[in-house]
Amino acid sequence: MSILDNRPALAHEIGQIAEAAGYLWQKGWAERNGGNITVNITEHADEAMRAMPAISQPIAIGSTLPNLRGCYFYCKGTQKRMRDLARWPMANGSVIRILDDCAHYEIIADEPVMPTSELPSHLAVHNYLIGKGSTYKASVHTHPIELVAMSHNPEFLKKDVLTKLLWSMIPETKAFAPRGLGMVPYMLPSSNELAAETIKAIDDNYDVVMWEKHGVFAVENDVMSAFDQIDVLNKSANIYMCARSMGFVPDGMSDEQMTEISTVFHLPK
Ligand code: 2HA
Ligand code: ZN
């Protein structure tokens, strides 16, 4: 018995999460238990699902998130591996229900797998997105090698320096990661401070934010779109590093060429 039985739309959604998890592993961005994925699946919560008994005690979120009342999330499990989640999503993640106090959740399916250590950031961001009336339902945190390497250079941490550099490597990056890369200074993983700074960066009009010397956090309509934004940004980082390792500083597209892309594709920046 699985919550996915007779729920083809939900099963498809979880299948997409599993597929994305496999890509994160294949790309080398998900060592051991690295990274996490949460998706707001409230739209799939039918009456039977809402009536399902909890299979855990109520667990404190660590903050009160008023917009999450009655919401349901699929969450990767803490200490679980992306490469395992790719094959067995319901043994390496679980579905949680936010309780009416908006400060606790309970696990409802399939197994009592405790959610990701980065749950404070993920849930705080979902709370923020709902409050804004956003269509975004998915958040992905991962450790993309080239982007994390670039975050070790203080010059790249200044606002939009890295965004501009990455956009200038290949036209698609600006078209498909059109808000660029926000920056969050180094903070303790899993902390509420990291959650608050992540929201600030997303609110500053970024879909993907860099957690300095750690990884990236992306939000999008669905998990594949979140993955794609990280993928195109990291592709640019890889092109930059390839050029540097061939011994030259890449030219980059000109400001005029990048403005043209924004005009032709009606991009937000
Ligand atoms: O879930 O990546 O940031 C493991 C992590 C924590
Ligand atoms: Zn991490």
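Bear in mind that the values here come from a model prediction, so they are computed numbers and not experimental data.

1. Focus on the coordination of the zinc ion (ligand 2)
At step 1: The protein atoms that coordinate the zinc ion (ligand 2) are His141 (NE2), His143 (NE2) and His214 (NE2), at distances of 2.1 Å.
At step 2: Expressed as a motif, the donor residue spacing for the zinc ion (ligand 2) is H-x1-H-x70-H. A residue pair is termed long-range when its members are at least 10 positions apart, and histidine 141 in strand E6 (residues 138-142) and histidine 214 in the loop between strand E8 (208-211) and strand E9 (215-220) qualify at 73 residues. Per residue, the accessibility class of histidine 141 equals that of histidine 214, and both read buried.

2. Some remarks on the site of ligand 1
At step 1: Asn33, Gly34, Gly35, Asn36, Ser117, Glu118, His141, His143 and His214 make up every residue found near ligand 1.
At step 2: Between glutamate 118 and ligand 1, the recorded distance is 2.5 Å, taken from a side-chain N or O atom to an oxygen atom.
At step 3: For ligand 1, whose unbound accessible area comes to 220 Å², protein coverage reaches 88%.
At step 4: Looking at the shell around ligand 1 residue by residue, the class counts come to no nonpolar, eight polar and one charged.

3. Focus: the pattern of salt bridges
At step 1: With the rule as written, the count across this model stands at 11 salt bridges.
At step 2: Linking arginine 7 and aspartate 46 is a salt bridge whose minimum nitrogen-to-oxygen distance equals 2.8 Å. Of this pair, arginine 7 sits in the segment before helix H1 (8-26) while aspartate 46 sits in the loop between strand E1 (36-40) and helix H2 (47-50), placing them 39 residues apart in sequence.
At step 3: Since its relative accessible area comes to 13%, arginine 7 is described here as buried.
At step 4: In this structure aspartate 46 comes out as partly exposed when scored by relative accessible area, which is 32%.
At step 5: The salt bridge involving glutamate 212 is made with lysine 213; its shortest N-O contact spans 2.6 Å.
At step 6: Three or more residues are tied together by salt bridges with common partners; here these are Arg81, Asp84 and Arg87.

Conventions we followed
Residues numbered from 1 in each chain as written. Chains lettered and ligands numbered in written order. Predicted model: local features only at pLDDT ≥ 70, side-chain atom pairs only at ≥ 80, totals over all residues. Heavy atoms only, no water. Donors = N, O, S within 2.8 Å, 3.2 Å for Na, K, Ca; no water. Helix = DSSP H or I, 4+ residues; strand = E, 2+ residues; numbered from the N terminus. Buried < 20%, exposed > 50% of the residue type's maximum accessible area, 1.4 Å probe, protein only. Near = heavy atom within 4 Å. Polar contact = N/O pair within 3.5 Å; in protein donor to acceptor, adjacent residues only side chain to side chain. Areas by Shrake-Rupley, 256 points an atom, 1.4 Å probe, with all protein chains shown as cover. Nonpolar A, V, L, I, M, F, W, Y, C, P; charged D, E, K, R; others polar. Salt bridge = Lys/Arg side-chain N within 4 Å of Asp/Glu carboxyl O.

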